[in-house]
Amino acid sequence: MLLHTDTAPPLQPAANPYQPYMARIVRIQKMLDDTRVFTLRFLDESMVRSFRHRPGQFVMLSIPGTGEAPISISSSPTRPEILELCVRRAGRMTSSLFRLSTNDVVGVRGPYGNGFPVDDIRGNHLLLAAGGLGMAPLRSLLWYALDNRHLFDGVILMYGSRSPADMLFRDEMLSLAGRDDVNCMLTVDADPSGAWTGRIGHLPSLFDHVTLEPARTYAAVCGPPVVYRYVLERLLAAGFSKDRILMSLERRMKCGIGKCGHCSVGYKYTCLQGPIFTYWDAINLPEMI
Ligand SMILES: Cc1cc2nc3c(=O)[nH]c(=O)nc-3n(C[C@H](O)[C@H](O)[C@H](O)COP(=O)(O)OP(=O)(O)OC[C@H]3O[C@@H](n4cnc5c(N)ncnc54)[C@H](O)[C@@H]3O)c2cc1C
Ligand code: FES
């Protein structure tokens, strides 16, 4: 299995750092009415071979004439040659993206941001706690850990969604429940269909069903604000130190490369020093959470 823990400098044309590389949409998977996974492959074969990212990094995705937006890479660096982006329709750029079809071409620049500190996590247990669309950046780390399983101690996945129908990558998640090298804990807030045989309850309730070793575990958390609030509460109560809690935090971004200042929080640019922060960083930066 491939290991890409090496530093991954952004691949940019030297002359113009804002110039995207063109990539073809090779697959579109509908996850929810407003959420799709776009699988991309660069047109330039040398880019296909040379593009490297770390779990937790993002790209600036663009549609000529429409705009650009930061989107996390959902695929793992252990599965190279394609990029999977899980996108929720929000505004101008993402609405245009949803009108495209397979074989259409989009622009990609990056990868940007720090990504998860996978070298620090190695040798420890890894706990991933995702709520809703928070699975998008965490999925890259999840598959990185499962494809390099020998590098990690226990791997625990906690994933909560509003209903079974809202669960992103549902078949993939359900298939993990049958594996013995990951403790896959899925929960839904409610089950209007009545067909869900798994747990019902909010994401933090999963902490009641697991024994954790906080001193030997890194926790990676991503989701809407309410997830941070209650999951952080549970992690701190379980005895996690603030520097072992890793969070993917989103800020409005324009350039993605530390030039425009749009994403600054305190003295940090989230496009450069983020989007992954420890809880320790986050509480020491005003307005970060
Ligand atoms: C590091 C990072 C990773 C991300 N990863 C993902 C991902 O994996 N998947 C995903 O779906 N999204 C992701 N996002 C969020 C995504 O970048 C935004 O939703 C983006 O704004 C979509 O672009 P758009 O042009 O479609 O929408 P926009 O036109 O930017 O509008 C998005 C929403 O923001 C509102 N809005 C627009 N401008 C402003 C403003 N100035 N102030 C306040 N509100 C405003 C709009 O009304 C709308 O509700 C990520 C963001 C960051 C920073
Ligand atoms: S997005 Fe421009 S400085 Fe971060």
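See the structure shown above.
**Q** Hey, could you run me through the environment of Ala 177 in this one?
**A** For Ala 177, the location among the structural elements is in the loop between helix H5 (170–176) and strand E9 (183–188). Residue classification places Ala 177 among the partly exposed residues on the basis of 13 C-beta atoms within 10 Å. Spatially, the C-alpha atoms of Ala 177 and Ile 82 are 26 Å apart, while their sequence positions differ by 95 residues. Sequence-distant contacts of Ala 177, defined by excluding residues within four places in its chain, comprise Cys 184 and Leu 186.

**Q** Looking at this model, I keep getting lost on the sheet that holds E9. Mind explaining?
**A** Backbone hydrogen bonds hold the strands of a sheet together, and the pairing may be parallel or antiparallel. One open sheet holds the seven strands; their spatial order is E10-E9-E8-E7-E11-E12-E15, and the pairing between them is mixed. Each of the sheet's edge strands pairs with one partner strand only, and the pair in question is strand E10 (199–200) and strand E15 (276–278). Bridge count between strand E11 (residues 217–222) and strand E12 (residues 245–248): three bridges; the pairing is parallel. Bridge pairing in E12 places Val 221 opposite Met 247. Lying on the sheet, helix H6 (residues 225–238) is in contact with strand E7 (125–131), E11 and E12; it crosses E11 at an angle near 165°.

**Q** Teacher, can you tell me more about H6 here?
**A** An α-helical turn contains 3.6 residues, so a residue and the one three or four places further along point in the same direction. Across its 14 residues, H6 extends 20 Å between first and last C-alpha, which sits within 8% of the 20 Å expected from 1.5 Å per residue. Among the residues of H6, Val 227, Tyr 228, Val 231, Leu 232 and Leu 235 are the ones counted as buried. With its buried residues spanning 110° around the axis, H6 presents them on a single face. Facing away from the buried side of H6 by over 90 degrees, the exposed positions are Arg 229, Glu 233 and Ala 237. Here the buried face of H6 lies against E7, E11, E12 and helix H7 (279–284).

**Q** Help me understand the site of ligand 1, please; the structure alone is not making it clear to me.
**A** Of all residues adjacent to ligand 1, which total 19 residues, the nearest are Ala 69, Ser 72, Gly 91, Met 93 and Thr 94. Of the residues forming the shell around ligand 1, the biggest block, five residues, is contributed by strand E4 (residues 67–72). Within the shell around ligand 1, the residues separate by chemical class into 11 nonpolar, four polar and four charged.

**Q** What is the right way to look at unusual backbone geometry in this model?
**A** In terms of backbone geometry, most residues other than glycine have negative phi values and most peptide bonds are trans. That bond from Gly 110 to Pro 111 is cis: its omega, 5°, falls within 30 degrees of zero. Structurally, Pro 111 can be placed in strand E6 (residues 105–112). Cis geometry is adopted by the peptide bond preceding Pro 275, which originates at Gly 274 and carries an omega value of 5°. Not every positive phi belongs to a glycine, and Glu 81 is a case in point at roughly 85°. In this structure, Glu 81 sits in the loop between E4 and strand E5 (83–88). On the basis of neighbour count, Glu 81 is assigned to the exposed category, with 11 C-beta atoms found within 10 Å. With phi around 85°, Asn 103 is a residue other than glycine that occupies positive phi space.

Analysis parameters
- Residues numbered from 1 in each chain as written.
- Chains lettered and ligands numbered in written order.
- Predicted model: local features only at pLDDT ≥ 70, side-chain atom pairs only at ≥ 80, totals over all residues.
- Helix = DSSP H or I, 4+ residues; strand = E, 2+ residues; numbered from the N terminus.
- Buried ≥ 20, exposed ≤ 12 C-beta atoms within 10 Å, placed from the backbone.
- Contact = placed C-beta atoms within 7 Å.
- Pairing = 2+ DSSP bridges.
- Axes fitted to C-alpha atoms, helices over the stretch in contact; angles between N-to-C directions.
- Expected span 1.5 Å × (residues − 1).
- Arc of directions from axis to C-beta.
- Near = placed C-beta within 6 Å.
- Nonpolar A, V, L, I, M, F, W, Y, C, P; charged D, E, K, R; others polar.

In short, shape yes, function no, at least from these values alone.
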